[in-house]
Amino acid sequence: HHRFRFIGSKYYKKEPEIIIDIPHRIDPNQDIPILLLVKDAHEYPVKIMCVNIEISVGNEIVKEKIDVNTSIDKRWWYKVYSIKRPKLTGLVEINALIKYNINGINITCTNHNLPINKSLPLNTFIAYEPYPRSNNILYGDLHYHTNATEDMVEFGAPIKPTYIALKSLGLDFVCNTDHSYDIDDKIGSWTESDPNLEKWNDSQVKIKRLNLEYNFNNFMIPSEELSLHNLDGYNIHGLILNNKKFLPGQGDGAEVPFDFSCEYNTKSLADALEDNALCIAAHPCAPVPLLQKLFFKRGKWEFDDLVFKHISGLQVLNGEIDKSFFDGIKMWKKLLLSGHKKFIYAGNDAHGNFNKYRQIKIPMLSIHEKDSQILGECRTGVIVENDDNKLTASLDSLKKGRCFITNGPQLLIKVAADKDYYMGDSLFAPSININIEFLSNKEMGSNGTIKIYSGIINENEESLIADLKVSKDFYNKSINIDIYKHMYVRAEFEGLSYRGKRIALTNPIWITPN
């Protein structure tokens, strides 16, 4: 509803945003949660009468009706309805016809009332198998925005529906990386800072309560997406996980026009990070549009920003396999070959977006949607050694690099010498046995190629150790190699499934000859 003065907006409507959202995947034995979200009804009161749901695959159709009959006049209103799991499996199409009334006029819309041309249907995969995982693996989305992210161009989903979506997806945890320039705002304002940090404190209380309510079977790691400067003075973003104290940063929040100042840069951040916190470079190689460079002074993480020891690694996978992903992998390999121990992580940068990404494309001109950057699509798989405290154990493994990234199967690498060593470990040995373990299913992609790479420190390129064809759900392979120089080994998978390309990449294990 934000409009520039004297210019207006092509997508402005005198209606609240009305949105239906559904997880893009439903785990076995889970019913289908339907989130009905209404935003800004305090400005444009509305009555929602009902929602008619149609689930279809081929010629099979299942219909459900949700009677709402509620008048709404709040800034945020939501309710999660549950539809009994149909006897359909695989990819289904879901459309929700919303009937509502504004100022005595009856109106209908499908899935949302946003002015999007050729709007997409909702697609959900009703899974008959869980995510492929060993017993000690937890899956998390490290970059996600709740409704504490709320400004003139975007907003996320409330916290409680996010937990419900996690459970339905089969996802274990998420990090609420809300913008630092949003969580310090006064409620109802996009420009006024709140010295009491009501939004920040409220989200911390809710997370603590819901983690306990869900018994940490699904949990949220308290986080923020910090705006800070790179060493060249441009605004970049860092994912700050588990820092108890809020870190301010507003250089690209546009709250004060052309004030690009930030409290921290990549070097000075070291003094602000607490011992149990970690910082991950958010989408470090994502291209910066010219307008964002001019009006927000946004830039990229550079090599010299990433080498600092308090930067754990790079969130290279950000909701889709695009140019920024491949550029991020290239930067990561450059860091590894230069002798820096850095890890890779995955998230989606979803602002709510359980099923479809819907956001402003060109300010004041257009809104668009796409089938990527949705909650849980790209995941970080974490090896958890201590199941008693999943949150602490997950953070410990993320810090150690004991994790892999994927939008499909599980891929693990370990090295046997005097004992077993896992991703993120370092060891001394004259020779090693590399073991690769692959676990998948039809949904996540079972056909593809696993490549094992070695990188000798201070050389220019990696070497291919093995190129392995995979055509089944489980695959295990061991390879012996001798160690002559300081090096690392890692593995990648690439294959296909109904959603297109599936990938998985391990973090490295470092070996020095003795």
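What comes next concerns the included structure. (Residues numbered from 1 in each chain as written. Predicted model: local features only at pLDDT ≥ 70, side-chain atom pairs only at ≥ 80, totals over all residues. Heavy atoms only, no water.)

With respect to the nonpolar core
Here is step 1 of the chain: Counting residues in hydrophobic clusters, the biggest one holds 57 residues, and the most contacted among them are Leu241 and Leu269.
Here is step 2 of the chain: Top element by residues in this core is helix α6 (residues 323-337). It accounts for seven residues.
Here is step 3 of the chain: Excluding anything up to four places from it in sequence, Leu241 contacts Cys175, Ile221, Pro222, Ser223, Asn276, Ala277, Leu278, Ile280, Leu395 and Leu398.
Here is step 4 of the chain: Formed by 55 residues, the second largest nonpolar core is a distinct cluster that contains Phe155, Phe404, Met444 and Ala491. (Core = buried A, V, L, I, M, F, W, Y, C linked by side-chain atoms within 4.5 Å. Buried < 20%, exposed > 50% of the residue type's maximum accessible area, 1.4 Å probe, protein only. Helix = DSSP H or I, 4+ residues; strand = E, 2+ residues; numbered from the N terminus. Contact = heavy atoms within 4.5 Å.)

Re the sheet that holds strand β23 (residues 420-422)
Here is step 1 of the chain: Spatially, the four strands line up as an open sheet ordered β23-β22-β25-β28, and their pairing is antiparallel. Among the strands making up the open sheet, the edge pair consists of β23 and β28 (474-482). Taking each pair of neighbouring strands and ignoring which way they run, the sheet shows an average axis angle of 25°.
Here is step 2 of the chain: As paired elements, strand β25 (residues 431-439) and β28 share nine bridges and run antiparallel to each other. Its bridge partner being in β28, Asn435 is matched across the sheet by Ser478. (Pairing = 2+ DSSP bridges. Axes fitted to C-alpha atoms, helices over the stretch in contact; angles between N-to-C directions.)

Some thoughts on the pairing of strand β9 (residues 122-126)
Here is step 1 of the chain: The element β9 is largely enclosed, with a buried count of four among its five residues.
Here is step 2 of the chain: Bridging between strand β2 (residues 25-26) and β9 involves two bridges; their strand directions are parallel. Paired with Ile26 across the two strands is Ile126, which belongs to β9.
Here is step 3 of the chain: Across five bridges, strand β7 (residues 90-102) lies against β9 in antiparallel orientation. Pairing of Leu91 across the sheet is with Phe125, part of β9.

Looking at helix α7 (residues 390-400)
Here is step 1 of the chain: All buried positions along α7 are accounted for by Lys390, Leu391, Ala393, Ser394, Leu395, Ser397 and Leu398.
Here is step 2 of the chain: Positive backbone phi, at 75°, marks Gly401, one or two positions downstream of α7.

Notes on the pattern of salt bridges
Here is step 1 of the chain: Within the structure shown, the criterion is met by 27 salt bridges.
Here is step 2 of the chain: Taking the shortest distance from any N to any O, the salt bridge between Asp27 and Arg25 comes out at 2.7 Å. (Salt bridge = Lys/Arg side-chain N within 4 Å of Asp/Glu carboxyl O.)

Considering the environment of Gly251
Here is step 1 of the chain: Mapping Gly251 onto the fold places it in the loop between β13 (235-241) and β14 (278-281).
Here is step 2 of the chain: You can call Gly251 buried: its relative accessible area is 1%.
Here is step 3 of the chain: For the pair Gly251 and Lys399, spaced 148 residues apart in sequence, the C-alpha to C-alpha distance is 27 Å.
Here is step 4 of the chain: If we ignore the near neighbours within four places in the chain, the residues touching Gly251 are Ser227, Asn235, Asp259, Phe260, Ser261, Cys262 and Phe296.

Some details on the sheet that holds strand β1 (residues 17-21)
Strand-to-strand pairing in sheets goes through backbone hydrogen bonds, with the strands running parallel or antiparallel.
Here is step 1 of the chain: Strand order across the open sheet formed by three strands is β1-β3-β6, with antiparallel pairing between neighbours. This sheet does not close on itself; its edge strands, each paired only once, are β1 and β6 (76-83). Looking at each pair of strands side by side, their axes are set apart by 15° on average, direction ignored.
Here is step 2 of the chain: Sheet topology note: the β1/strand β3 (residues 32-39) ladder contains five bridges and is antiparallel. Bridging across to β3, Ile20 finds its partner in Leu36.
Here is step 3 of the chain: Across the face of the sheet, helix α1 (residues 159-169) comes into contact with β3 and β6 while running at roughly 25° to β6.

Here we look at helix α3 (residues 198-213)
Here is step 1 of the chain: For α3, which comprises 16 residues, the first-to-last C-alpha distance of 22 Å matches the rise-based estimate of 22 Å (1.5 Å per residue) to within 8%.
Here is step 2 of the chain: Listed as buried for α3 are Lys199, Trp200, Ser203, Gln204, Ile207, Leu210 and Asn211. Taken down its axis, α3 places every buried residue within 145° of arc, on the same side. Turned more than 90 degrees away from the buried face of α3, the exposed residues are Val205, Lys208 and Leu212.
Here is step 3 of the chain: In the core, the buried residues of α3 are packed alongside α1, β11 (173-176), α2 (180-183), β12 (219-229) and α7. (Expected span 1.5 Å × (residues − 1). Arc of directions from axis to C-beta.)

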